[in-house]
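Architecture and fold: a report
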Amino acid sequence: MPVHAHNGGAQTPPYQNARPGRCEPGGLTAHGPVADPVVTARALTKVFGRGESAVTALDAVDAHLARGRFTAIMGPSGSGKSTLMHCLAGLESPTSGSIVLDGEEISSMSRRRLTRLRRENIGFVFQAFNLVPSLTAEENITLPLDIARRKVDRDHFDRVVDAVGLRDRLSHRPAELSGGQVQRVACARALVGKPAVVFADEPTGNLDSQATRQVLGILRSSVDEFGQSVVMVTHEAEAAAWADTVLFLRDGHVVAEMNQPDQDRVLDALRDLAAQDGARFDGVGGPEPDEPASAGPGTGTREHR
Ligand code: ADP
Ligand code: MG
């Protein structure tokens, strides 16, 4: 059954064969622990600012991300997706709560250890491609390893370069590449060090549809072929459909998950979640059981009172 048939040919992932565990396709279910987590957040809270202007971006979030899987994080603008990813990746320090990444508690780590852990255990792909303009594609790909004075595993480098399809572009500088090619370089850079997790924040936000499929196909096959763990923030149902599991965020909470998503069911879920918001804000539905009555609207900021 071609779960990803709508992704159209070129990089359609072969992953729907025999996957163990939490992979029943279906609608929204409660989010809970996984058998082999690569990242676990417990009661993760992030408050920006103080007093009158304080904003609670994450409100006691529990999140469980499976090792060797592709997890997408969705939610309305302002729901806390980027903040969650930045906290999980050690880029932002939480206000309170715990984060265990690949077996290590990172929320209380010294900056120095955290910097090292980020270098060695985490790959990043951002919406803005973040390549160094003066370096070639190859130099950009190996830059994090060079900075960390780690040896480049040439076999893995070759596998990654072939996976991203950039063999004949390695000596080009970013200005000589298309946006899609630049983002594929960024994917290769994230994958080449065999990090415990690759985090991607809206990695296809600036790409056309063909380049989008290529980048998602790369992330998908890194999971299927290298056993990579990938966490991707996106607001596009089409992108989320490439993941194994989608977590839905609203008002700084993980409110639900969906396994083996497809685009239509993700769109349905987003509509359902928005409808729940609508009911609640019209005063019809009342508060969700897991949310305080004072929770704010589904989009925008949530001010402390
Ligand atoms: P998303 O990625 O889902 O759009 P964000 O995580 O960027 O949401 O933001 C969640 C909330 O936190 C928003 O209300 C946003 O305005 C606020 N926020 C995010 N970053 C900061 C910051 N550096 N300073 C103050 N508020 C922030
Ligand atoms: Mg964001």
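In the block above lies the structure referred to throughout.
Heads up: these notes are all about the structure in this document. (Residues numbered from 1 in each chain as written. Chains lettered and ligands numbered in written order. Predicted model: local features only at pLDDT ≥ 70, side-chain atom pairs only at ≥ 80, totals over all residues. Heavy atoms only, no water.)

1. Brief notes about the sheet that holds strand E8 (residues 230–233)
Pairing is mixed across the open sheet formed by 6 strands, whose spatial order is E6-E7-E8-E3-E9-E10. Strands with a single pairing partner mark the edges of an open sheet, and in this sheet they are strand E6 (122–125) and strand E10 (253–259). Each strand of the sheet is rotated relative to its neighbour by a mean of 20 degrees, with strand direction disregarded. In terms of strand pairing, strand E3 (residues 70–74) meets strand E9 (residues 245–250) through 4 bridges, oriented parallel. Of the residues in E9, the one forming a bridge with methionine 74 is phenylalanine 248. Taken strand by strand, helix H1 (residues 81–88) contacts E3, strand E7 (197–201), E8 and E9, and its axis lies near 155 degrees from that of E7. Where helix H5 (residues 179–191) meets the sheet, its contacts fall on E6 and E7, and the angle it forms with E6 comes to roughly 170 degrees. (Pairing = 2+ DSSP bridges. Helix = DSSP H or I, 4+ residues; strand = E, 2+ residues; numbered from the N terminus. Axes fitted to C-alpha atoms, helices over the stretch in contact; angles between N-to-C directions. Contact = heavy atoms within 4.5 Å.)

2. Focus: the site of ligand 1
Surrounding ligand 1, one finds 13 residues, the nearest of these being Gly78, Gly80, Lys81, Ser82 and Thr83. Between ligand 1 and glycine 80 there is a distance of 3.1 Å, counted from an oxygen atom to a backbone nitrogen or oxygen. At 2.9 Å from an oxygen atom of ligand 1 is found a main-chain nitrogen or oxygen belonging to serine 82. Starting from 560 Å² of accessible surface for ligand 1 in isolation, the protein chains cover 64%. (Near = heavy atom within 4 Å. Polar contact = N/O pair within 3.5 Å; in protein donor to acceptor, adjacent residues only side chain to side chain. Areas by Shrake-Rupley, 256 points an atom, 1.4 Å probe, with all protein chains shown as cover.)

3. Quick word on the environment of leucine 177
For leucine 177, the location among the structural elements is in the loop between helix H4 (154–164) and H5. Among the residues examined, leucine 177 registers a relative accessible area of 12% and is labelled buried. The spatial distance from the C-alpha of leucine 177 to the C-alpha of alanine 137 is 9.0 Å, given a sequence separation of 40 residues. (Buried < 20%, exposed > 50% of the residue type's maximum accessible area, 1.4 Å probe, protein only.)

4. Thoughts on unusual backbone geometry
In the Ramachandran plot, alanine 43 falls in the positive-phi region, its phi being about 50 degrees despite a non-glycine side chain. Tracing the chain through its elements places alanine 43 in strand E1 (residues 37–48). A positive phi angle, near 50 degrees, is found at aspartate 251, a position not held by glycine. Within the element layout of this structure, aspartate 251 appears in the loop between E9 and E10.

5. Structural notes on the sheet that holds E1
Ordered in space as E2-E1-E4-E5, the 4 strands form an open sheet in which the pairing is antiparallel. Of all the strands in the sheet, just strand E2 (55–66) and strand E5 (104–105) have a single pairing partner and so form its edges. Pairing analysis gives 5 bridges linking E1 to strand E4 (residues 96–101), with the strands arranged antiparallel. Residue valine 39 lies in a different strand from E4, and its bridge partner there is leucine 101. In the packing of H1 onto the sheet, the strands contacted are E1, E2 and E4, and the crossing angle to E1 comes to about 120 degrees.

6. Some points on the nonpolar core
Across soluble globular proteins, you tend to see nonpolar side chains buried next to one another. Residues Phe70, Ile141, Met232, Phe248 and Val266 are the most contacted members of the largest nonpolar core, which totals 47 residues. Per-element tally for this core: the top contributor is H5, with 7 residues. Residue contacts for isoleucine 141: discarding those within four places in its chain leaves Phe157, Val161, Leu170, Val185, Ala188, Arg189 and Val192. Met109, Leu114, Leu117 and Ile122 belong to the second largest nonpolar core, which has 30 residues in total. (Core = buried A, V, L, I, M, F, W, Y, C linked by side-chain atoms within 4.5 Å.)

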